[in-house]
Amino acid sequence: MKKQNVRTISLIVCTFTYLLVGAAVFDALESETEKKRWDALQAVERMVIKRYNITEEDFKVMETVVLKSEPHKAGQQWKFTGAFYYATTVLTTIGYGHSTPTTIGGKLFTMCYAIVGIPLGLVMFQSIGERVNRLSSYVIKTVKTSLHCHNTSASEVNLICVVTTLSSLTIAGGAAAFSKFEGWSYFDSVYYCFITLTTIGFGDMVALQKDNALNRKPEYVMFALIFILFGLAIVAASLNLLVLRFVTMNTEDERRDEAQAMQALQVAVRLEGDVITANGSILSGHIGHDAVSSDVDAASICSCHCACFRATRHKRYEFKVRRSPSRIRHLLQPTVLPMKEFSGDQPSTFSLYHNQASTALLQPPFPGNELPPVYQPQQRASV
């Protein structure tokens, strides 16, 4: 089985196991408290109905009025400031749910806006995260150089440490500010910052929802928006180092498999039949293409270095024949015939292949299975 398939199956098993463990832990932590709160609310509801002699239908109406009027207590949500805050939560996929469109046009535009805005936001945060990592690498190299370290390069461990520190400082600073402006405890503020920057966005705690802060506190609105955008950029830098490395492992394995397959196809080229070399040895056709080519080039049967053939002296001729497993006496051997001199005192000879049409030029083949002596070209006479 391929490594990519094993990794995918392992991730699926680990994810579902992690979900089961998380469900068991949340059940143990929250179920009992939920039951107690539900019993307490039911007791208060019965008490109110009994004290004020209200029917259950009227109580349901009052409950609906209280729930629907809760968002309006924070001020107008759809003026430009509140709309910008809503658009930010859509583009960053936080989705608090504190304000939702009620008109058909608003819902339709939200869907179209999200289709274009979410990929745009992801690409932007990804690019900012890469720039943050580059800046962190430069800072790490500068610090190591100033400290005269032996290795001044920024490793992934160094970058992870730097990005983790930046994320911690961002959450800690934002939690302090939200604790002051919202009146939350510091732990609840840290919880809100973490839920926001990880784009979980439960909506149980939402900033800018008290005392009409969207319209009365523009500096606080600006701080909240900058915190969200800058914090998500830091989280994107962390994703570049942690998550995307594992995501691209399958792609790297697939490219490696393709390269190995192409290399195997190149090596798989084979020769059919045998090759008779100049020293009388027979090379089997099962040897790879590269090995046979090198051996035949090193010991070719006939190489002509005559002066008249100087232009093609680098061309080599090989005898490639198919050999019977038992006998090779049926093969006709090449015969070397001298030729007349072309000019001056420069002799010239060449090897003549067997041609059945020119029987007058042929000599009887050698008896038995013995191979004929291979002609060695004469050296050029020095002038």
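Higher on the page you've got the structure.
Now for a quick tour of the structure. Model, not experiment: these values are computed from the prediction.

1. Regarding the overall build of the chain
When helices and strands are counted, the chain shows eleven helices and five strands. Out of the 383 residues in the chain, the part that is buried amounts to 26%. Considering only contacts within the chain whose residues lie at least 6 apart along the sequence, 54% involve residues at least 24 apart. With an accessible surface of roughly 27200 Å², the chain has 63% of that area assigned to carbon and sulfur atoms.

2. Considering the packing of aromatic side chains
Inspection of every chain in the model, using the stated rule, returns twelve aromatic pairs. Look at Phe 181 and Tyr 220: their rings are 4.5 Å apart centre to centre, the planes differ by 20°, and that puts the pair in the stacked class. Residue Phe 181 is located in helix H5 (residues 156–182), and its partner Tyr 220 is located in helix H8 (residues 218–241); the two are separated by 39 residues in the primary sequence. Note on Phe 181: relative accessible area 39%, which makes it partly exposed. Plain terms: the ring middles of Phe 223 and Phe 227 are 6.4 Å apart, the flat faces sit at 25° to each other, and that makes the pair stacked. Of the two residues, Phe 223 and Phe 227 are both situated in helix H8; the distance of four residues between them amounts to about one turn of the helix.

3. Some points on the pattern of salt bridges
Under the defined criterion, the tally for this structure stands at one salt bridge. With a shortest N-O distance of 3.4 Å, Lys 35 and Asp 39 are connected by a salt bridge. Pair noted here: Lys 35 and Asp 39 are both in helix H1 (residues 3–52), with a separation of four residues, about one helical turn. Residue class for Asp 39 comes out partly exposed when judged on its relative accessible area of 38%.

4. So, the nonpolar core
Counting 25 residues, the largest nonpolar core has Tyr 85, Phe 178, Tyr 192 and Leu 208 as the members making the most contacts within it. Of all elements in the fold, only H5, helix H6 (186–197), helix H7 (213–216) and H8 reach the threshold of two or more residues within this core. When residues of this core are assigned to their parent elements, the largest contribution, eight residues, is made by H8. Discounting residues that sit within four places of it in the chain, Leu 208 has contacts with Tyr 85, Glu 182, Ala 213, Leu 214, Tyr 220, Val 221 and Ala 224. Core analysis: the next-biggest nonpolar cluster, separate from the first, contains seven residues, Val 132, Leu 159, Val 163 and Leu 241 among them.

5. Structural notes on H1
The end-to-end C-alpha separation of H1 is 70 Å, in line with the 74 Å expected for 50 residues at 1.5 Å each. Within H1, burial applies to Gln 4, Arg 7, Gly 22, Glu 45 and Ile 49. Looking one or two residues beyond H1, the residue adopting positive phi is Asn 53, at roughly 55°.

Thresholds applied
- Residues numbered from 1 in each chain as written.
- Predicted model: local features only at pLDDT ≥ 70, side-chain atom pairs only at ≥ 80, totals over all residues.
- Heavy atoms only, no water.
- Helix = DSSP H or I, 4+ residues; strand = E, 2+ residues; numbered from the N terminus.
- Buried < 20%, exposed > 50% of the residue type's maximum accessible area, 1.4 Å probe, protein only.
- Contact = heavy atoms within 4.5 Å.
- Areas by Shrake-Rupley, 256 points an atom, 1.4 Å probe, with all protein chains shown as cover.
- Phe/Tyr/Trp six-rings, centres within 6.5 Å; stacked < 30°, edge-to-face > 60°.
- Salt bridge = Lys/Arg side-chain N within 4 Å of Asp/Glu carboxyl O.
- Core = buried A, V, L, I, M, F, W, Y, C linked by side-chain atoms within 4.5 Å.
- Expected span 1.5 Å × (residues − 1).

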